[in-house]
Amino acid sequence: MTNTAPLHSLSDFDFALPPELIAQQPAAERSGSRLLDGTGAAPVDRVFRELPALLRAGDLLVFNDTRVIKARLLGAKASGGAVEALVERVLPMHEVLMHLRASKSPKPGSVVRFFGVDGAQAFDAAVLGRAGPQGSLFHLRFPSDPFALLEAHGHVPLPPYITHADTADDERRYQTVFAANPGAVAAPTAALHFDDTVLADLAQRGVDTASVTLHVGAGTFQPVRTENLAEHTMHSEWFDVPQRTVDAIACARAAGGRIVAVGTTTLRALESAAVSGGAGGTLQAGSRDTDIFITPGFTFRVVDVLITNFHLPKSTLMMLVSAFAGFDHMRALYAHAIDARYRFFSYGDAMLLQRLLRQHDCDNPSKASVELNRASEYGALNLRQQGVASRR
């Protein structure tokens, strides 16, 4: 699912990032990370624990409650050739879909032997065949419950740009404090900054919370390889929007509250559920897969405010935040973040964004009122932002 007639090409979302700004470890305290407040025309440097003061009573924070599984496995084929695997999705009947790297691909009917974290033999899995887009995944059957086997023998699936081997600390910190439903192979990283103190402060200020589940797949790190964005094939992820969350959003809207998505995965789930609701954009409860591809020009139907980390150059998530907050505004914010030495990507810092006012919002005064000030300031900054873009 993608936009028609993209307004930009791939190179528009490129930027130079000093490698030392790629965070290799999380901040000492979850809420001690930095927060770039981009809700106004000019960026404001804050600390994440200040977030509750930036929201107001009646706002609704929506989290992704997925739980990261220990999806990375090491093993060998019957021939002895090494295998490295990453489980993408757990299926019924002890079956899984996985990415698998080996010198020669294992054939259907063969067996892959996986090892535990101590290097000892753990279990054998039968290769059933290939699956997924262009046969990019392998279909295997485990001898028993995949979740239990992965928990016992798997490794934390740290992103490719984090260079250290996974540790016990990663088991704790590459997981949100409210993770509930196992299935993700990458963390919903904007939510990693929340701790019990911040959650208590939000509750005390009258900020409500709700949740969705989107099992983040390895496709979140998939590069866009086509300059023409319309030619990009978006990865698919499973999500669930409960009826109680749909009801909470309706309640917050009726009271004039804002819908605050914690992370791009939450936003993708909510906007996918609204798109599937038809032309009117009615939010629909339920579970399904989504391959929504959000680029500038997309019409947002649900989310007003977004909390997110900093994303990779030329990534689909860089396109998403540019669609949400405005292309020029995002270029200016990223330029400021690099100059101010913010930490990037999964273990990095966060930013707070407000949805850019578009013409269709004028039909909804309660939505438009929270953005009018930002929209007027945004126009005044265009010349300065163009200067930042040209400096790129």
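You'll find the structure just up there.
Fair warning: this is a prediction, and the values are worked out from it, not measured in the lab.

### Section: the overall build of the protein
Thought 1: Tallying secondary structure elements over the protein gives 11 helices and 17 strands in all.
Thought 2: For the protein, with 392 residues in total, the buried portion stands at 52%.
Thought 3: Taking the intrachain contacts of the protein between residues at least 6 apart in sequence as the baseline, contacts between residues at least 24 apart amount to 71%.
Thought 4: Summed over all atoms, the accessible surface of the protein reaches about 16,300 Å², with 53% contributed by carbon and sulfur.

### Considerations on the packing of aromatic side chains
Thought 1: All chains considered together, the criterion is met by 19 aromatic pairs.
Thought 2: Residues Phe-63 and Phe-194 carry aromatic rings whose centres are separated by 5.0 Å and whose planes lie at 85 degrees to one another, so their mutual orientation is edge-to-face. Note that Phe-63 is positioned in strand β3 (residues 60–64) and Phe-194 in the loop between β11 (181–184) and α4 (196–204), a separation of 131 residues in sequence. Phe-194 shares its class with Phe-63; the two are buried.
Thought 3: Both rings, one in Phe-300 and one in Phe-324, keep their centres 5.2 Å apart while their planes meet at 90 degrees; by these two values the pair is edge-to-face. One end of the pair, Phe-300, is in the loop between β15 (286–290) and β16 (305–309); the other, Phe-324, is in helix α7 (residues 316–325), and 24 residues separate them in sequence.
Thought 4: The exposure class assigned to Phe-300 is buried, which follows from its relative accessible area of 3%.
Thought 5: Members of the aromatic cluster, each reached through a chain of ring pairs, are Phe-15, Tyr-161, Phe-221, Phe-310, Tyr-334, Tyr-342, Phe-344 and Phe-345.
Thought 6: Sitting above the plane of the Tyr-342 ring, Arg-34 keeps its charged end 3.8 Å from the centroid.

### Description of the sheet that holds strand β2 (residues 44–47)
Remark on secondary structure: sheet strands pair via backbone hydrogen bonds, oriented parallel or antiparallel.
Thought 1: Reading across from one edge, β2-β1-β17-β16-β14-β3-β12-β13-β15 is the order of the nine strands in this open sheet, with mixed pairing throughout. Since the sheet does not close on itself, it has two edges, and those belong to β2 and β15, each with one partner. Adjacent strand axes in the sheet meet at a mean angle of 25 degrees when their direction is disregarded.
Thought 2: Taken together, the five bridges between strand β13 (residues 237–241) and β15 define a ladder with antiparallel strand orientation. When the sheet's bridge partners are listed, Phe-239 is paired in β15 with Arg-288.

### Section: the pattern of salt bridges
Thought 1: Within this structure, the stated rule accounts for 17 salt bridges.
Thought 2: Its salt-bridge partner being Arg-341, residue Glu-20 comes within 3.2 Å of it at the nearest N-O pair. Taken together, the residues Glu-20 in the segment before β1 (34–37) and Arg-341 in the loop between α8 (327–339) and β17 (350–354) connect sequence positions 321 residues apart.
Thought 3: Under the relative-accessibility criterion, Arg-341 is labelled partly exposed at 44%.
Thought 4: A salt bridge links Asp-124 to Arg-113; its shortest N-O distance comes to 2.8 Å. Separated by 11 residues along the polypeptide, Asp-124 in strand β9 (residues 121–131) and Arg-113 in strand β8 (residues 111–115) bring together distant segments of the chain.

### Describing the environment of Gln-24
Thought 1: Looking at where Gln-24 falls in the secondary structure, it is placed in the segment before β1.
Thought 2: Spatially, the C-alpha atom of Gln-24 lies 9.3 Å from that of Phe-344, the residues being 320 residues apart in sequence.
Thought 3: Dropping the residues within four chain positions of it, Gln-24 is found in contact with Tyr-161, Ile-162, Thr-163, His-164, Arg-343 and Tyr-347.

Definitions and limits used
- Residues numbered from 1 in each chain as written.
- Predicted model: local features only at pLDDT ≥ 70, side-chain atom pairs only at ≥ 80, totals over all residues.
- Heavy atoms only, no water.
- Helix = DSSP H or I, 4+ residues; strand = E, 2+ residues; numbered from the N terminus.
- Buried < 20%, exposed > 50% of the residue type's maximum accessible area, 1.4 Å probe, protein only.
- Contact = heavy atoms within 4.5 Å.
- Areas by Shrake-Rupley, 256 points an atom, 1.4 Å probe, with all protein chains shown as cover.
- Phe/Tyr/Trp six-rings, centres within 6.5 Å; stacked < 30°, edge-to-face > 60°.
- Lys NZ or Arg CZ within 6 Å of the ring centre and 35° of its normal.
- Pairing = 2+ DSSP bridges.
- Axes fitted to C-alpha atoms, helices over the stretch in contact; angles between N-to-C directions.
- Salt bridge = Lys/Arg side-chain N within 4 Å of Asp/Glu carboxyl O.

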